[in-house]
Structures are given as C-alpha cells and as structure tokens.
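Structural overview for review
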Amino acid sequence: MDMKDVAAHGLVLLGCGKMGSAMLQGWLADGLPATSVWVQDPFPNDFVKGAGVHVNTHLPKSPAIVLIAVKPQMMADALPTLAAMGNGKTLFVSVAAGISIATYEDMLGAQTPIVRAMPNTPAAVGKGISAIIGNTHAGAAGLDAAEGLLRAVGQVVRLERETQIDAVTGVSGSGPAYVFHLIETLAAAGEAQGLPAELSMALAKATVAGAGALAEAANETPEQLRINVTSPNGTTQAGLEELMDPADGLPPLMLRTVGAATLRSQELSNG
C-alpha cells in the first residue's frame, strides 16, 4: 500500500488533537489530497477546519487506513462506527496508549489488519520517534504503510513483540517530559549560581537542544561525546562526578524513572 492507494481509497483519522494534526499536516505537505482524508473529532481545531478535509461527515465504506488517535477513554464511543470496516482490507493503525492489538481484534474482528504505534510529542515539530508492531494480518505491507504514515512526523523503529511497547512508553513516550524537567532543573541550578532567570533558561534550553542535535548528527556514541568534552580535573569532570555517582546520581535515578513509567504502562494495558 502506498500513498496512491491511500489517496484513492481514503484515510480516516479518528481523533485529531495535537498528534493527529501534526500527522495530518505532514501528509498534506507530502502531497496527500485533502479530499482523501476524513477526520472524526468532536472538537476539531482551526487547522483541521481550514485544511479542506472532510470533517465529521459520513465515512467511506472501506478506507485504505483508519488511524486511531483518540484518548483511550473515548475509544468505546468511537469504535462501533468502525466495526463494520473490520475483517476487511482496511488497515487500522492505533497511536492510542494502553490498548492492545488483542483488544482491537476483539472489537473489530480477528481478521482485521492492525498496527499499534507509540509515537511521542516531538512529532508535533517533525522530530518524533514512533515504535510499531503489527498483527499477522497487517503483515509486512501493513507495517510498511504505517511506517510511511508515521515518517511524516519523525523516525520509525520496529519492535519484535508487543510487550516491548511498555518499555518504549517509559523511554521515548514519556521521555520528552524527563528532558523538559532536565531543562527546568538545569536553569534553576544556574539561577542558584547567580544568573538571571531568563538568561539561565535560555542557556539551559539551547544546551539541551544543541546536545541532542549533536548526539543525533555525530558518528561517535553519546559516551564518546561525553568523554571528548571532559578535560581531566576540569569543570565538566567536577560536574559529572556528582551527576554520574552510582549511588545517588543520574544512573540509578533514570533506572527508577523509566522503570516506574514502564510499570504504569503495563498496569494501564492490563486495565
């Protein structure tokens, strides 16, 4: 399935908040005709209303793809309208957290092609990373189609098994919030050392953004990049000795942080 198929048979976007809107913007920029998109959302935003897509109108009978991007608690209301499209050729791609492929198979039919994805919020600026896993009926073609859609908002990786979604949630799904908090705390620490609040925040934001961009662009590992900028007995080493303390530095804290988020993801998935 390629964008020509999607353009010909239609794409239904169920839920179009920030994540859905970011994806829609990417697809339209990539040349998907607005008339091939049907958005179902109780409160469509101004971008959606002005994009030229079908909004809250009668859906095509068997669209190429249905992308589910509603909050999990809204799922029960939304799915009955889609059940008729199950067990057919329509590929369902879900970016809704905590809802398993088995749950979708129960609601839509066991023969339904389903891909489950876990994107993250930097997708809103085209810098997301999404992890995907599909059922047997989605197959390689379904995963390729889902990857094509999600690539509009960033990178895509493929999982070996669905249970890995919980750890992905703990790392990249929740991870942007950890980084935002790092920026907050770095800025506050600069302020404590006598910098004006605004200046310290500007330094912290640019430092985290720049280091992230360098880590992505460089051939060296993050470990090597760290070593490269750490002069013996210099300022960076003095700071890192605190940060890297194996007992109460960042390593055990990050293990606990990702562990707690992963556990919560498992609990939510198990109802």
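As the structure is a prediction and not an experimental result, all values here were calculated from the model.

Scanning all chains against the criterion turns up six salt bridges. For Asp144, the salt bridge goes to Arg158, with nearest N and O atoms at 2.7 Å. Taken as a pair, Asp144 in helix α7 (residues 139-150) and Arg158 in strand β8 (residues 154-158) lie far apart in primary sequence, 14 residues in all. By relative accessible area, which is 43% here, Asp144 ends up partly exposed. For the salt bridge of Glu147 with Arg158, the shortest nitrogen-to-oxygen distance reads 2.9 Å. Pair noted here: Glu147 is in helix α7 and Arg158 is in strand β8, with a separation of eleven residues, a long-range link. Its relative accessible area of 14% is what places Glu147 among the buried residues. Through salt bridges with shared partners, a single ionic network connects Asp144, Glu147, Arg151 and Arg158.

Within the element layout of this structure, Ala138 appears in the loop between β7 (128-134) and α7. Taking the C-alpha atoms as reference, Ala138 lies 7.7 Å from Thr112; in sequence the two are 26 residues apart. Setting aside residues no more than four positions away along its own chain, Ala138 makes contact with Leu91, Pro113, Ile114, Val115 and Leu143.

On to the layout of surface pockets. Taken as a whole, the second largest pocket holds about 790 Å³ of empty space. Lining the second largest pocket are 30 residues, with Met19, Ala69, Lys71, Val95 and Thr121 positioned closest to its centre. Mapped onto the lining of the second largest pocket, the elements with two or more residues apiece are α2 (18-29), α8 (164-173) and α9 (175-192). Broken down by element, the lining of the second largest pocket gets its largest block of residues, four residues, from α2.

Attention shifts here to α7. Between its first and last C-alpha atoms α7 spans 17 Å; for twelve residues at 1.5 Å apiece the expected length is 16 Å, and the two agree. Residues of α7 that are buried: Gly142, Leu143, Ala145, Ala146, Glu147, Leu149 and Leu150.

Turning to the sheet that holds β7, a few remarks are in order. Taken in spatial order, the eight strands line up as β3-β2-β1-β4-β5-β6-β7-β8 in an open sheet, and their pairing is mixed. Every other strand in the sheet has two partners, leaving β3 (54-55) and β8 as the edge strands with one partner each. When strand β1 (residues 11-14) meets strand β2 (residues 37-40), the two strands line up parallel, connected through four bridges. Paired with Leu11 across the two strands is Val37, which belongs to β2. Packed on one face of the sheet, α2 meets β1, β2 and β4 (65-68) and runs near 160 degrees to β1.

Conventions used here
- Residues numbered from 1 in each chain as written.
- Predicted model: local features only at pLDDT ≥ 70, side-chain atom pairs only at ≥ 80, totals over all residues.
- Heavy atoms only, no water.
- Salt bridge = Lys/Arg side-chain N within 4 Å of Asp/Glu carboxyl O.
- Helix = DSSP H or I, 4+ residues; strand = E, 2+ residues; numbered from the N terminus.
- Buried < 20%, exposed > 50% of the residue type's maximum accessible area, 1.4 Å probe, protein only.
- Contact = heavy atoms within 4.5 Å.
- 1 Å grid on protein atoms, 1.4 Å probe; cavity = no way out; pocket = protein on both sides within 12 Å on 5 of 7 lines; lining within 4 Å.
- Points joined across faces, edges and corners; volume = space filled by probe spheres on them.
- Expected span 1.5 Å × (residues − 1).
- Pairing = 2+ DSSP bridges.
- Axes fitted to C-alpha atoms, helices over the stretch in contact; angles between N-to-C directions.

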